[in-house]
Amino acid sequence: MSACCGPRRGPAAAEPGAAGPSGGASAAPGRDRADVLRGMVRIGGGPFLMGGDDEDANPADGEGPVREVEVGTFHIDAMCVTNARFALFVKATGFRTLAEREGWSYVFGPHVPPSARQAVLPGRVPGAPWWRGVAGACWQAPEGPGSSIGDRSNHPVVHVSWHDAVAYAAWAGKRLPTEAEWEKAARGTLVRARFPWGDELTPRGRRRCNTWQGEFPYPLTGAGGDRGTVPVNAFAPNGHGLYNTSGNVWEWCADRFSAQWHVDDGPGTRIDPVGPAAGESRVLRGGSYLCHRSYCNRYRVAARTSNTPDSTTSHGGFRCAVDG
């Protein structure tokens, strides 16, 4: 599962707090709540139907069962954290991401520019040879040496580990959303729909998300995910006002991943669930620009995957949440 959706860097590192090995950032003291909530959407507390069991579901991922889950009121970013916002964090704290400190990250092979071909590391990812480790790839150089974010300030930041995302969230006075919060918000006002806008992928022939166009991994026209990320506010928002909760980039959630933990019907899994207490991987939601029904249909709102918290890729980002 994780190899196709995102390769793993290796065994999970020890899990620190926000000030751990991801660079020493800390929460900004005295941050005004009005400033914290700017750009966020309030999601009222209450029950919703979480999970999926339709014909597109991936049973091994633990998408089901469909169950009623209750979460408290929270706020969530309307858009993923952008390169511009992450740059402010870095400027204020001197933070260095795991990919920067380790000196490499995973890049979708066809996106590696000629200037970075000498930086491609030996070896291939089993079952997903299109992923390549590239020396120098990081959030500021998404495809490796010679690439930049100069014209992508409003694109989602990528090559961020779970630890990096936690550090940014703490600095911003926020946190990562739980998986249940993420799904409740991503569904908008719809109940059990496959996508944030309904059950049809392209209603009236209109694309509603940034996913792969053509047969993966062969580019088609440059009209979709074969060109990479798009701005965080591309396409229409869902009923709650959230953008791009399907496609574009995978989004880290706070929870550890399990395909079975949530099957048990009890208060811990049905009322403000926070995931299992142990496990080496963290939940990722939303799919990415590499998703396509011929290869990975996890751009559906109930779909889920995981990766180790120290893994970084060119299609992984995040958005933040706040209590109340």
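None of the values given here were measured: they were computed from a predicted structure. (Residues numbered from 1 in each chain as written. Predicted model: local features only at pLDDT ≥ 70, side-chain atom pairs only at ≥ 80, totals over all residues. Heavy atoms only, no water.)

Draft legend 1. Region of the structure containing the overall build of the chain. Looking only at helices and strands, the chain has seven helices and 11 strands in total. With 324 residues in all, the chain has 55% of them scored as buried. Considering only contacts within the chain whose residues lie at least 6 apart along the sequence, 76% involve residues at least 24 apart. A total of about 13,000 Å² of accessible surface is found on the chain, and carbon and sulfur atoms cover 52% of it. (Helix = DSSP H or I, 4+ residues; strand = E, 2+ residues; numbered from the N terminus. Buried < 20%, exposed > 50% of the residue type's maximum accessible area, 1.4 Å probe, protein only. Contact = heavy atoms within 4.5 Å. Areas by Shrake-Rupley, 256 points an atom, 1.4 Å probe, with all protein chains shown as cover.)

Draft legend 2. Local environment of the state of the cysteines. Counting across every chain of the model gives zero disulfides. There is no disulfide at C80, and the cysteine sulfur nearest it, in C320, is 9.5 Å away. A relative accessible area of 8% places C80 in the buried class. (Disulfide = S-S within 2.5 Å.)

Draft legend 3. Just the sheet that holds strand β10 (residues 316-317), in detail. Strand order in this open sheet of four strands is β9-β8-β7-β10, and the pairing throughout is mixed. Edge positions in the open sheet fall to β9 (304-307) and β10, since each of these has one partner strand only. (Pairing = 2+ DSSP bridges.)

Draft legend 4. Quick look at unusual backbone geometry. Residue P65 follows G64 across a cis peptide bond; omega there is 0°. Even without glycine at this site, F235 takes up a positive phi of about 70°. Considering the arrangement of structural elements, one finds F235 in the loop between α6 (179-186) and β7 (250-256). One non-glycine residue with positive phi stands out, namely D272, at about 45°.

Draft legend 5. Seen up close, the pattern of salt bridges. As enumerated under the stated definition, the model contains 20 salt bridges in all. A salt bridge links D56 to R194, with the shortest nitrogen-to-oxygen separation between them at 2.7 Å. Taken together, the residues span a long stretch of sequence, with D56 in the loop between β2 (46-50) and β3 (67-71) and R194 in the loop between α6 and β7 at a distance of 138 residues. Judged by relative accessible area, which is 22%, D56 ranks as partly exposed. Exposure remark for R194: the relative accessible area of 22% places this residue in the partly exposed category. Ionic pairing is found between R285 and E183, a salt bridge with its closest N-O pair at 2.8 Å. With R285 in strand β8 (residues 282-285) and E183 in helix α6, the pair connects residues that are 102 residues apart, well separated along the chain. Across this residue pair, the class does not change: R285 and E183 are buried. Look at the salt bridges and you will find they share partners, linking E179, E183, R187, R285 and R304 into a network. (Salt bridge = Lys/Arg side-chain N within 4 Å of Asp/Glu carboxyl O.)

Draft legend 6. Geometry of the sheet that holds strand β1 (residues 40-43). Here three strands make up an open sheet; going across it, the order is β1-β4-β11 and the pairing antiparallel. The sheet terminates laterally at β1 and β11 (321-323), the two strands that pair on one side only. Within this sheet the neighbouring strands show an average axis-to-axis angle of 25°, counted without direction. With three bridges joining them, strand β4 (residues 74-77) and β11 adopt antiparallel strand pairing. Bridge pairing in β11 places I76 opposite A321. Seen against the sheet, α6 touches β1, β4 and β11 and runs at an angle of roughly 75° to β4. (Axes fitted to C-alpha atoms, helices over the stretch in contact; angles between N-to-C directions.)

Draft legend 7. Quick look at the environment of G316. Relative to the helices and strands, G316 resides in strand β10. Overall, the relative accessible area of 7% leaves G316 in the buried class. Remark: the alpha-carbon pair of G316 and G287, spanning 29 residues in sequence, is separated by 9.1 Å. In contact with G316, other than residues within four places in its own chain, are V157, V158, H159, V160, V249 and W250.

Draft legend 8. Seen up close, the pairing of β8. Covered by surrounding structure in β8 are R282 and L284 together with V283 and R285, the residues of both alternating faces. Two strands pair when backbone bridges link them, and β8 and β9 are joined in this way by four bridges, in the antiparallel orientation. When the sheet's bridge partners are listed, L284 is paired in β9 with T305.

Draft legend 9. Examining empty space enclosed by the protein more closely. The full count for this structure, using the stated rule, is four cavities of 30 Å³ or more. The computed volume of the largest cavity comes to approximately 130 Å³. Along the wall of the largest cavity there are 17 residues; nearest its centre are R67, E179, D255, W261 and H262. Taken together, the elements giving at least two residues each to the lining of the largest cavity come down to β3, α6, β7 and α7 (267-270). (1 Å grid on protein atoms, 1.4 Å probe; cavity = no way out; pocket = protein on both sides within 12 Å on 5 of 7 lines; lining within 4 Å. Points joined across faces, edges and corners; volume = space filled by probe spheres on them.)

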